[in-house]
Amino acid sequence: MIIKGKVHKFGNNINTDDIIAAKYLDSQDAKFLGSKCMENIDPNFFRRLKPGDIIVGGRNFGCGSSREHAPVAIKGAGVRLVIAESFARIFYRNSINIGLPILECSLARTIKEGDYLEVDLSKGEIKILGKNRIINSEKFPGFLRRIITSGGLINWTKRGRNLRNKMR
Amino acid sequence: MGLTLVEKILVKHSSKKKLEDFVYAKVDFAFANDITGPLAVKQFYKIGRNKVFNPRRIAFVCDHFTPARDFKSANNVSFLREFSAKFRIKNFFDINNCGIEHVFLPEQGFIKPFDLITGADSHTCTYGALGAASFGVGSTDLAACMASGRCWFRVPKTLKFIYKGKIPRWLEAKDLILYTIGNIGVDGALYKVMQFSGPVIRNLGIDARFTICNMAVEAGAKTGIIEPDDITFDYVKRALKNKKVPRTAYRVPRNEYKGDKDASFERIYEWDISKLEPQVACPHLPSNIKPASSLKSVKLSQVVIGSCTNGRLSDLRIAAKILRKKKIPSTLRSIVIPATPNIYKQALKEGLIDVFIKAGCIVSPATCGPCLGGHTGILGKGETALATTNRNFIGRMGSPESFVYLSSVAVAAASAIKGRITHPAEVT
């Protein structure tokens, strides 16, 4: 799958309270949560965002609480992909489980605010348009690839054990 | 090559002979709270199963926005109540009979050594203090867990932390873990297990061990763990009298509840803590630590003593010892939150609540409340709090323009008396 979009850049240790403040956690509505995404650290983020845009973070993106509302908010806001140097572990598994595309990329910091990217998700190839640069991201281990290609954990769980194991 | 305790638990629960990179393991106990629960239930319905894997191994603990702060929160609790009734999950707890999940569940005997536990809350790592492999997960993870009784895990590497020396006066478990996070950073243990050991840990009571494992996630860890010893087994034995869940599927002899001698650790940290001072984490990261004595100029609007990190009986005892016959300035709100009704009852019996009220504290019912900016103690613009909680991110306790400092109970109680950050030695 190819994703094209404009980059919104964030720093290191973006925590889940930054992504969605706790006061909104009584909602499970993706659209509503999306409209409050990043409110504490960048109140205009949602207004600047165009559907299909890409978030690029630094180290430890999504640290802090286990709230799945965080990747749900990012997805609900219309962001298609999150790239970061590293992800906090619960955010990482939540994103895979709900089908929000993420890529771990050690050179994420070389991507600049406002860059346009063309990303080949299956290859993990990040092309910076207009700069003629291609960066490669970490490959997902086979186990996780199977969950990702199923479209998330719900679909993966629905399949019987034999099907789950056979899938490549 | 030998295995660490967490590796052993994962191997056993995934019915494998040897360790693989990923496991799809059986879970002994899975739970969610009133924030992560409703989302988990909605995801569970999408899977389309007509029953849960085992109703006795699932719990809902409504502790975050309860007693309901508004009608939406109340609806979420009702939603979980109805789901629990429909799927015969007896372990549904509204705030009137639980308290903070990570204090309540071990207290009631839900958690045992060698268990594999998933909780839809990041501080699920707390139960590593009992020698369980206990991982915080998301709502969809929990939904899948409720359906299949299994969860996927990447097998983590382990970092070992050895604390040596004599614990100085006024130093608490909280200071050890803040110091550790300050040293390795908020992603210093990313995807890894933090195993706490050494003579200092062996001499800590169970409450203090919970405090240490509770904050492992603040360094990015998958979980914290302490190998069980007599102190652990004594605690579990007492708690099991309240036992409401079936026994662990995997029974192993007691001397097997630890890692192999030749287990491999990615890195071993060794610290002498004999000269360590009480630590305070400054805004806006738990790793941003400074000695308490260097922060005398920080004036406070609020002090919070409570949470799944520091709301246990021994914490309240420390606070009461410092606050006895002292008066808190009228310009400061000091909120004390006993973490469960049982702790509240015991504190009442020991006269601790009396001490707090006479000193001018607000004693709150058990709830997560202000820790995550939920309710009962939200900060306004420009306000500063010192809290015994676990996170001080921007806007964590309310306004994005407020400030949260994190400390031990002794430092929080001493600071309440002075109205500014204070080393406990100053007031005693």
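Thresholds applied
Residues numbered from 1 in each chain as written. Chains lettered and ligands numbered in written order. Predicted model: local features only at pLDDT ≥ 70, side-chain atom pairs only at ≥ 80, totals over all residues. Helix = DSSP H or I, 4+ residues; strand = E, 2+ residues; numbered from the N terminus. Buried ≥ 20, exposed ≤ 12 C-beta atoms within 10 Å, placed from the backbone. Contact = placed C-beta atoms within 7 Å. Domains from an automatic or database assignment. Nonpolar A, V, L, I, M, F, W, Y, C, P; charged D, E, K, R; others polar. Pairing = 2+ DSSP bridges. Axes fitted to C-alpha atoms, helices over the stretch in contact; angles between N-to-C directions. Core = buried A, V, L, I, M, F, W, Y, C linked by C-beta atoms within 7 Å.

This part is about the overall build of chain B. Looking only at helices and strands, one finds 14 helices and 18 strands in chain B. Dimensions of chain B along its principal axes, counting C-alpha atoms only, are 60 × 50 × 40 Å. Relative to its full complement of 428 residues, chain B shows a buried share of 60%. Considering only intrachain contacts with a sequence separation of at least 6, the fraction spanning at least 24 residues in chain B is 78%.

We now examine the domain arrangement of chain B. All names here are of chain B. Once the domains are mapped, chain B shows domain 1 (5-254 + 263-271) and domain 2 (279-426). Between domain 1 and domain 2, the residue contacts involve 32 residues of the former and 35 residues of the latter. Looking at the side of domain 1 that touches domain 2, the elements that each hand over two or more residues are helix H4 (101-107), helix H6 (173-184) and helix H8 (206-214). In terms of residue count, H6 provides more of the side of domain 1 that touches domain 2 than any other element does, six residues in total.

All names here are of chain A. The domain boundaries assigned to chain A delineate domain 1 (2-137) and domain 2 (139-168). Inter-centroid distance (C-alpha atoms) of domain 1 to domain 2 is 23 Å. Taken together, the contacts link five residues of domain 1 with seven residues of domain 2. Of the residues that constitute the side of domain 1 that touches domain 2, the class distribution is two nonpolar, three polar and no charged.

A few words on the environment of Lys160(B). Residues and elements named next belong to chain B. Residue position: Lys-160 is located in strand S8 (residues 158-164). The spacing of Lys-160 and Tyr-24 is 136 residues in sequence and 25 Å in space, taken between C-alpha atoms. Every residue in contact with Lys-160, bar those within four places of it in the chain, is listed here: Gln-195, Ser-197, Phe-265 and Ile-268.

What follows is about the sheet that holds strand S6 (residues 133-136) of chain B. Residue and element names in this part refer to chain B. Reading across from one edge, S4-S3-S2-S5-S6 is the order of the five strands in this open sheet, with parallel pairing throughout. Looking at the sheet topology across the chains shown, the edges are occupied by strand S4 (92-93) and S6. Pairing of strand S2 (residues 29-33) with strand S5 (residues 116-120), which is carried by four bridges, proceeds in the parallel orientation. Looking at the pairing, Ala-30 lines up with Thr-118 of S5. Sitting on the sheet, helix H2 (residues 36-47) touches S2, strand S3 (58-61) and S5, and the angle it makes with S2 is about 115 degrees.

Right, let's get into the interface of chain A and chain B. If you look at the interface, chain A gives 34 residues, while chain B gives 43 residues. At the level of secondary structure, the elements contributing two or more residues to the side of chain A that touches chain B comprise helix H1 (16-19), helix H5 (89-98) and helix H7 (153-158) of chain A. With six residues, the top contributor of residues to the side of chain A that touches chain B is H5(A). Partitioning the side of chain A that touches chain B into residue classes produces twelve nonpolar, twelve polar and ten charged.

All names here are of chain B. Read across the sheet, four strands follow the order S10-S9-S8-S11 without closing on themselves; strand pairing throughout is parallel. A strand with exactly one partner marks an edge of an open sheet, and here the two such strands are strand S10 (223-225) and strand S11 (267-272). For this sheet the average axis-to-axis angle between neighbouring strands, irrespective of direction, equals 20 degrees. Of the strand pairs in this sheet, strand S9 (residues 193-197) and S10 are connected by three bridges, and their pairing is parallel. In the strand pairing of S10, Val-193 is matched with Thr-223.

All right, on to the nonpolar core then. Ile74(A), Val82(A), Ile83(A), Ala319(B), Phe356(B) and Ala413(B) are the most contacted members of the largest nonpolar core, which has 194 residues in total. Here this core gets eight residues from one element, more than from any other, and that element is helix H14 (residues 409-418) of chain B. Setting aside its immediate chain neighbours within four residues, Val82(A) contacts Ile55(A), Gly57(A), Phe61(A), Ile74(A), Ser95(A), Leu100(A) and Ile102(A).

Residue and element names in this part refer to chain B. Among the structural elements, Cys-368 can be located in the loop between strand S16 (362-363) and strand S17 (384-387). Expressed as a C-alpha distance, the spacing of Cys-368 and Cys-145, which sit 223 residues apart in the sequence, is 25 Å. Leave out the neighbours within four places in its chain, and Cys-368 touches Asp-63, His-64, Ile-100, Ser-307 and Gly-374.

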